[in-house]
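What follows is the residue order along each chain.
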There are 2 protein chains.
Amino acid sequence: MPLTERIEAAISCAIARARAGRAPRQLSAALDYATAPGGARIRPTILLSVAMACGDDRPDVSDAAASALELIHCASLVHDDLPCFDDADIRRGKPSVHRAFSEPLAVLAGDSLIVLAFEVLARQAITDPARAARLMTALAERTGMPGGICAGQGWESEPEVDLAAYHRSKTGALFIAATEMGAIAAGHDPDNWRDLGALIGEAFQVADDLRDALLDETTLGKPVGQDALHGRPNAVAKLGVDGASKRLSDILAGAIASIPSCPGEADLARMVRKTAERIVPNVPATAGRA
Amino acid sequence: MPLTERIEAAISCAIARARAGRAPRQLSAALDYATAPGGARIRPTILLSVAMACGDDRPDVSDAAASALELIHCASLVHDDLPCFDDADIRRGKPSVHRAFSEPLAVLAGDSLIVLAFEVLARQAITDPARAARLMTALAERTGMPGGICAGQGWESEPEVDLAAYHRSKTGALFIAATEMGAIAAGHDPDNWRDLGALIGEAFQVADDLRDALLDETTLGKPVGQDALHGRPNAVAKLGVDGASKRLSDILAGAIASIPSCPGEADLARMVRKTAERIVPNVPATAGRA
């Protein structure tokens, strides 16, 4: 089964369970809306690619891990779009959850998706308790405090921002989770896979800065110029478009070089290049060829 | 060690880990503020009391479960107080988290506490993977969708409310989690303990309705008359003060009768009576003697 099908099936299955029985209908619909149709599903794709590079001997565990990670990502988008944060009216080319439903339902949808992510992994513990426990610890570390995406968002409320900690947690954390969890799901040591995730996360941040600077709102599917508006650090502001594109190429080369020696090494390098093509806007050729 | 000391120590330990290293300071402070000083810690007290009635052979697991449950409860209070829900300025006699810090930090504090709750249990999986997995599944079921406190809050956005599902999930869910998780933590079957949790939850709901109707804001430590304001179902509105007090006595008697036969049965019945005294306002003597 192709990766995208595995990912969509795993997410649908989790959401279906959350909507079962006597569930409130609006919140059920909001969970669907927040998770499908998805974006590029980059994080679970990386997770499954790493799991396959490591042998993917327990595809059920890998699928659960991939869906859990994407559910956390979706939750973070729903909460980040709230009026008190980005106040974004559109996301993935359609109204954001609080605009399509309501602010209470957006808060609750985010909360429910976080819980669901851990529930998906907890249920996997019946068949493989050791891997499930490590997956949950890794996901929690990269989601909550002190170093996960909650911490990353939290840095934006600080009078003085630790830029390294900010980027590592805000954008990097779920990419690190992707490579760590892919390795864990296939019974491998996550330590060797952390650099790959961190570098992909860094590349994604620079690519996002380029997109934010160069594309219009319709193409982007969300409001542009948000970093400048919220005074957030931005690679284009610091290095210019050419400088940021060059930086992106360097990071991606580093990411590919960081892949640990494993049977699926070549396939994984191909996936990283393909992911790069998807995330990089049509700007200077140096980035596109990375 | 007395129960309260065990509970406070477990919560402090979890929060300390979430604040470790390079964490953003404001969000760190918000986590502390949202969890200490706590309220009556009723849910973790019930959890530990059930665990002790079941032998409490793994107190480390019980303590982790108790802190995880209380963290979820604290998270729910922080999010419920948000302007888009109850818009409450005070909680436990001090400014609510979004008033003391900010709305973004309140959303993030709630999110981080949810993640932390599952992280606490996941870390317990190293020593007892089977119990940890069951604890996480139980906690997720009673927190998220379709039947947890998120679902309960979600019912308030429905045009037509299923009152039974609403009460069971909104107030009952975390009390059911308390008795289930207490049993699981001590290696017992949670099925026999579900009724006790459900009945304590029902009693708590009626007691809360009485408090909401009878006490002033200073004594209550939160705004009064919220149910009437938000058009929520309320036992006093339905049965009157005397009727609701009588109902409360009956439920508590049923709760004590539902305690499964176990070595700590008598102690547990005493705890339920003591809890009832704590939650019941100084109103008709029928309730106080329950």
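About the criteria used
- Residues numbered from 1 in each chain as written.
- Chains lettered and ligands numbered in written order.
- Predicted model: local features only at pLDDT ≥ 70, side-chain atom pairs only at ≥ 80, totals over all residues.
- Heavy atoms only, no water.
- UniProt positions renumbered as here; feature names shortened; annotations may be inferred.
- Contact = heavy atoms within 4.5 Å.
- Buried area = accessible area lost by both parts, 1.4 Å probe.
- Salt bridge = Lys/Arg side-chain N within 4 Å of Asp/Glu carboxyl O.
- Polar contact = N/O pair within 3.5 Å; in protein donor to acceptor, adjacent residues only side chain to side chain.
- Helix = DSSP H or I, 4+ residues; strand = E, 2+ residues; numbered from the N terminus.
- Nonpolar A, V, L, I, M, F, W, Y, C, P; charged D, E, K, R; others polar.
- Axes fitted to C-alpha atoms, helices over the stretch in contact; angles between N-to-C directions.
- Left-handed = near helix turned anticlockwise from the far one by under 90°.
- Phe/Tyr/Trp six-rings, centres within 6.5 Å; stacked < 30°, edge-to-face > 60°.
- Buried < 20%, exposed > 50% of the residue type's maximum accessible area, 1.4 Å probe, protein only.
- Disulfide = S-S within 2.5 Å.

Going by the annotation in an unreviewed UniProt entry, the name recorded for chain A is Geranylgeranyl diphosphate synthase, with Roseovarius litoreus given as the source organism. Annotation of chain A in UniProt includes, under Catalytic activity (unreviewed entry), the sentence "isopentenyl diphosphate + (2E,6E)-farnesyl diphosphate = (2E,6E,10E)-geranylgeranyl diphosphate + diphosphate". The UniProt entry for chain A carries this comment under Cofactor (unreviewed entry): "Mg(2+)".

Points about the interface of chain A and chain B
Tallying the contact residues gives 48 residues for chain A and 48 residues for chain B. Together, A:Arg22, A:Val115 and A:Met145 form the three largest contributors to the area buried by chain A at its contact with chain B, with a combined 16%. Taken together, the connections running from chain A to chain B amount to four salt bridges. The salt bridge involving B:Asp162 is made with A:Arg22; its shortest N-O contact spans 2.6 Å. Counting the contacts that link chain A with chain B gives eight residue pairs in polar contact (both at pLDDT 80 or more). The set of elements that each furnish at least two residues to the side of chain A that touches chain B consists of helix H1 (3-18), helix H2 (25-35), helix H6 (103-124), helix H7 (129-143) and helix H8 (149-155) of chain A. The greatest single-element share of the side of chain A that touches chain B, amounting to 13 residues, is contributed by H6(A). When its residues are assigned to classes, the side of chain A that touches chain B shows 28 nonpolar, 10 polar and 10 charged.

A closer look at the packing of H1(A) against helix H3 (residues 42-53) of chain A
Residues and elements named next belong to chain A. Relative to each other, H1 and H3 sit at 115°, their axes nearing to 10 Å. When the axes of H1 and H3 are compared, the crossing they make is right-handed. Contact with H1, carried on its side by Leu3, Arg6 and Ile7, involves Pro44, Thr45, Leu48, Ser49 and Met52 of H3 and no other residues of that element. When its residues are assigned to classes, the contact of H1 with H3 shows five nonpolar, two polar and one charged.

Looking at the packing of aromatic side chains
Scanning the model with the defined rule gives five aromatic pairs over all chains in all. On the basis of an interplanar angle of 45° and a centroid distance of 4.9 Å, the ring pair of A:Phe175 and A:Phe204 is categorised as tilted. Taken together, the positions of A:Phe175 in helix H9 (residues 163-185) and A:Phe204 in helix H10 (residues 194-214) put the pair 29 residues apart, joining distant regions of the chain. For A:Phe204, a relative accessible area of 16% corresponds to the buried category. Arranged with centres 5.3 Å apart and planes meeting at 80°, the rings of B:Tyr33 and B:Phe101 form a pair that is edge-to-face.

Quick look at the state of the cysteines
This model, assessed by the stated rule, comprises zero disulfides over all chains. A:Cys150 provides the cysteine sulfur closest to A:Cys74, a residue in no disulfide bond, and the two sulfurs are 15 Å apart. On the accessibility criterion, A:Cys74 (1% relative accessible area) is buried. With no disulfide of its own, B:Cys150 lies 13 Å from the sulfur of B:Cys84, the closest cysteine sulfur. A residue is classified by how much of its surface remains accessible, and B:Cys150, at 5% relative accessible area, is buried.

Overview of the environment of A:His167
All names here are of chain A. As for its position among the elements, His167 is in helix H9. Residue class for His167 comes out partly exposed when judged on its relative accessible area of 26%. Separated by 14 residues in sequence, His167 and Gln153 place their C-alpha atoms 9.7 Å apart.

Remarks on the environment of B:Ser96
All names here are of chain B. One can find Ser96 in the loop between strand S2 (94-95) and helix H5 (97-100). Residue Ser96 is classed as buried on the basis of its relative accessible area, which comes to 1%. Between the C-alpha atom of Ser96 and that of Leu199, which follows or precedes it by 103 residues, the distance is 29 Å. The residues contacting Ser96, other than those within four sequence positions of it, are Tyr33, Asp81, Ala88, Asp89, Ile90 and Arg91.

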